[in-house]
Amino acid sequence: MTSPALPELLGPPLPRRSRRTRRAWNAAALGACVLAGLVLCVPIALLVWHLVGHGLPGLGPGFFVHEPRPVGEPGGGMANAIVGTLILIGIATTLAVPVGVGAGIYLAEYGESRFAGAVRYAVDVLGGVPSIVVGVAAYGLIVVPMGRFSALAGGVALAILMLPTIIRSTEEVVRLVPQSYRHAALALGAPRWRVVQNVVLPAARAGITTATMLAVARAAGETAPLLFTALGNRFWSVKLDRPIASLPVFIYDYARAPYDDWNRQAWTGALVLLFLVTLLSLLVRLTTRRIPRS
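Just so it is clear, the model here is predicted, and its values are computed rather than measured.

Conventions adopted
Residues numbered from 1 in each chain as written. Predicted model: local features only at pLDDT ≥ 70, side-chain atom pairs only at ≥ 80, totals over all residues. Heavy atoms only, no water. Helix = DSSP H or I, 4+ residues; strand = E, 2+ residues; numbered from the N terminus. Buried < 20%, exposed > 50% of the residue type's maximum accessible area, 1.4 Å probe, protein only. Areas by Shrake-Rupley, 256 points an atom, 1.4 Å probe, with all protein chains shown as cover. Core = buried A, V, L, I, M, F, W, Y, C linked by side-chain atoms within 4.5 Å. Contact = heavy atoms within 4.5 Å. Axes fitted to C-alpha atoms, helices over the stretch in contact; angles between N-to-C directions. Parallel < 35°, antiparallel > 145°, perpendicular 65-115°, else oblique. Left-handed = near helix turned anticlockwise from the far one by under 90°. Nonpolar A, V, L, I, M, F, W, Y, C, P; charged D, E, K, R; others polar. Phe/Tyr/Trp six-rings, centres within 6.5 Å; stacked < 30°, edge-to-face > 60°. Expected span 1.5 Å × (residues − 1). Bend = angle between axes of the 7 residues up to and from the residue.

Draft legend 1. Main features of the overall build of the protein. When helices and strands are counted, the protein shows 13 helices and zero strands. Mapped from its N terminus to its C terminus, the protein presents α and β elements in the order α-α-α-α-α-α-α-α-α-α-α-α-α. Expressed as a percentage of its 294 residues, the buried residues of the protein come to 35%. Accessible area of the protein: about 17,300 Å², with a carbon and sulfur share of 69%.

If you want it as structure tokens, here you go:
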């Protein structure tokens, strides 16, 4: 029995008018997608333009190397706040990434049980909790037993805020890895854990990195949790068990202060925070691209 020819499988050709209609609808859909992309870029462009316009005049070397000056003395910088923000982000990332990626892989690979459903529901609820509530919880769980505000408490609060984004994004990215990759590795005799480690994770590495940077971007700009945990510090301090300065708290304090110089520094701090998150994202992407796939 001979197989049918290709023209028979495709059916009769469409009329010329139908082809024109299909091309018109295709062009309209493509134009709508391009328009949606442009609309998405407009708020981001306006935000960057606004921050650059107000924050760039106060940007200089002194802003990165000097500490804040007392009230009434112009100048100064936010060197301690920049270093403190990096420390807080480092603590939060160290705590959140292993737990978040591991939970996301579990939900994607073994997410059919009732326990997995309960974990997924808990993650969704945690993602909707206001950041100030997380700060209050971290205050009761860490600050009160320690007897002081600390950078560690601030890092834990930011890590809790990062978890829902990392877990849910990792789950979706891992699910996008084709099942044929897993079946091929299992057919070669590899155990399930090695398939996940050497096949699934390298294939989903870019998506997991993007999810991590989205979580870092959210945590880097949070102020409310830090008011209850890290508190803030106008002096230089890098001790994890002591209050520490951070850019979001400085921006919050300077923006509502009745001093023009502090208001200008608040705009500059917001611009530096934006550049800091962008730089971290770029460095992580460049680093992960250079890691060879096993």
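Draft legend 2. Focus on the nonpolar core. By size, the foremost hydrophobic cluster in this structure holds 57 residues, and its most contacted members are Met78, Leu88, Leu158, Met162 and Leu247. The set of elements that each furnish at least two residues to this core consists of α4 (79–109), α5 (114–127), α6 (131–146), α7 (151–175), α9 (192–203), α10 (205–220), α12 (247–255) and α13 (260–290). When residues of this core are assigned to their parent elements, the largest contribution, 13 residues, is made by α4. What Leu88 contacts, discounting residues up to four positions off in sequence, is Ala151, Gly154, Gly155, Leu158, Leu226, Ala230, Ile244 and Ser246.

Draft legend 3. Molecular detail of the packing of α6 against α7. Following both chains from N to C, one finds α6 and α7 inclined at 135°, their axes separated by 9 Å at the closest point. Judged by the inter-axis angle, α6 sits oblique to α7. Crossing of α6 over α7 shows right-handed handedness. For the pair α6 and α7, contact is made by Ser131, Val134, Ala138, Ile142 and Val143 and by Ala153, Val156, Ala157, Ile160 and Leu161, respectively. Residue classes in the contact of α6 with α7 are distributed as nine nonpolar, one polar and no charged.

Draft legend 4. Seen up close, unusual backbone geometry. With a phi angle near 65°, Leu231 is a residue other than glycine that sits in the positive phi range. Among the structural elements, Leu231 can be located in the loop between α11 (224–228) and α12.

Draft legend 5. Fine view of the side chain of Gln265. With respect to the helices and strands, the residue Gln265 is situated in helix α13. Leave out the neighbours within four places in its chain, and Gln265 touches Phe63, Gly75, Gly76, Gly77, Met78 and Tyr254.

Draft legend 6. Molecular detail of the packing of aromatic side chains. For the coordinates displayed, the defined rule picks out seven aromatic pairs. Ring plane angle 40° and centroid distance 6.1 Å describe the contact between Tyr139 and Phe149, whose orientation is recorded as tilted. Of this pair, Tyr139 sits in helix α6 while Phe149 sits in the loop between α6 and α7, and the two are ten residues apart along the sequence. With a centroid separation of 4.4 Å and an interplanar angle of 10°, the aromatic rings of Tyr254 and Trp262 are classed as stacked. Of the two residues, Tyr254 and Trp262, neither departs from the other in class, the shared state being buried. One aromatic cluster is present, built from ring pairs that chain together Phe250, Tyr254, Tyr259 and Trp262.

Draft legend 7. Main features of α6. With 16 residues, α6 ought to run about 22 Å at 1.5 Å a step, and its terminal C-alpha atoms sit 21 Å apart, in line with that. For α6, the principal kink sits at Tyr139 and spans about 40°. Turning to α6, its buried residues number three or more, namely Ser131, Val134, Gly135, Ala138, Ile142 and Val143. As for α6, its buried residues are in contact with α7 and α11. Two residues or fewer past α6, Gly147 is found with a positive phi of approximately 85°.

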